[in-house]
Amino acid sequence: MMEHLSVKELESYLDDDLLKLLKKEDIRHIFLINTKIISNFEKFFSTFLPYSVKYFVVISSDLPVKIIKESLIRAKDTLEVSCYITSKLPQKSMIIIGLQSVSEKEELKELSAFRT
């Protein structure tokens, strides 16, 4: 139902233009999710998905983009959710990528500077 993917494995599922968008981001986690047995997206996201400030969501063309996006926003109180459709994914599948924000990276750098 939910499989953890590496960055390298994304090439099999995403179009080149989506991969280019992701190269600029700091990826925290990647999940390939089979949605066939999910009856409530919001509950699923709040229960099983780790928190991120930003989410990059890629779905198969047979899934409801608006419902998935709104459910993720409600479940995680996230600041930014980007949704894309690709034909490379199997039906009833989606990839959710949690991203670290640039400001979060800056805060981490500042904290490590204090430790030295």
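Residues numbered from 1 in each chain as written. Predicted model: local features only at pLDDT ≥ 70, side-chain atom pairs only at ≥ 80, totals over all residues. Heavy atoms only, no water.

Looking up the protein chain in an unreviewed UniProt entry gives the name DUF4898 domain-containing protein, with the organism given as Saccharolobus islandicus.

A. Inspection of the side chain of serine 82 at higher detail. If you trace the backbone, serine 82 turns up in strand S4 (residues 80–85). Sequence-distant contacts of serine 82, defined by excluding residues within four places in its chain, comprise Tyr55, Phe56 and Val57. (Helix = DSSP H or I, 4+ residues; strand = E, 2+ residues; numbered from the N terminus. Contact = heavy atoms within 4.5 Å.)

B. Spatial organisation of the nonpolar core. Counting 17 residues, the largest nonpolar core has Phe45, Val57, Ile68, Met94 and Ile96 as its most contacted members. Broken down by secondary-structure element, the contributors of at least two residues to this core are strand S2 (26–34), helix H2 (41–48), strand S3 (54–59), helix H3 (65–76) and strand S5 (93–100). Non-local contacts of valine 57, meaning those with residues more than four positions away in its chain, are made with Ile68, Leu72, Val81, Ser82, Cys83, Tyr84, Ile95 and Ile96. Counting residues in each nonpolar core, the second largest holds 14 residues, with Leu14, Leu18, Val58 and Leu89 among its members. (Core = buried A, V, L, I, M, F, W, Y, C linked by side-chain atoms within 4.5 Å. Buried < 20%, exposed > 50% of the residue type's maximum accessible area, 1.4 Å probe, protein only.)

C. Local environment of the pattern of salt bridges. Scanning the entire structure with this criterion turns up three salt bridges. Linking lysine 8 and glutamate 11 is a salt bridge whose minimum nitrogen-to-oxygen distance equals 3.7 Å. For lysine 8, a relative accessible area of 60% translates into the label exposed. Residue glutamate 11 is classed as partly exposed on the basis of its relative accessible area of 45%. (Salt bridge = Lys/Arg side-chain N within 4 Å of Asp/Glu carboxyl O.)

D. Local environment of the sheet that holds S4. What the five strands build is an open sheet, ordered S1-S2-S5-S3-S4; its pairing is mixed. Each edge of the open sheet carries a strand with a single partner, namely strand S1 (2–4) and S4. Within the sheet, the average angular offset between the axes of one strand and its neighbour, ignoring direction, is 20°. By the bridge criterion, six bridges tie S3 to S4 in an arrangement that is parallel. Its bridge partner being in S4, valine 58 is matched across the sheet by tyrosine 84. Contacting S1, S2 and S5, H2 crosses the sheet at an angle of about 45° to S5. (Pairing = 2+ DSSP bridges. Axes fitted to C-alpha atoms, helices over the stretch in contact; angles between N-to-C directions.)

E. Representation of the packing of aromatic side chains in the model. Applying the stated rule across the entire model yields four aromatic pairs. Plain terms: the ring middles of phenylalanine 44 and phenylalanine 45 are 5.9 Å apart, the flat faces sit at 65° to each other, and that makes the pair edge-to-face. No difference in accessibility class separates phenylalanine 44 from phenylalanine 45, as the two residues are buried. Put simply, the rings of Phe41, Phe44, Phe45 and Phe48 pair up and form one aromatic cluster. (Phe/Tyr/Trp six-rings, centres within 6.5 Å; stacked < 30°, edge-to-face > 60°.)

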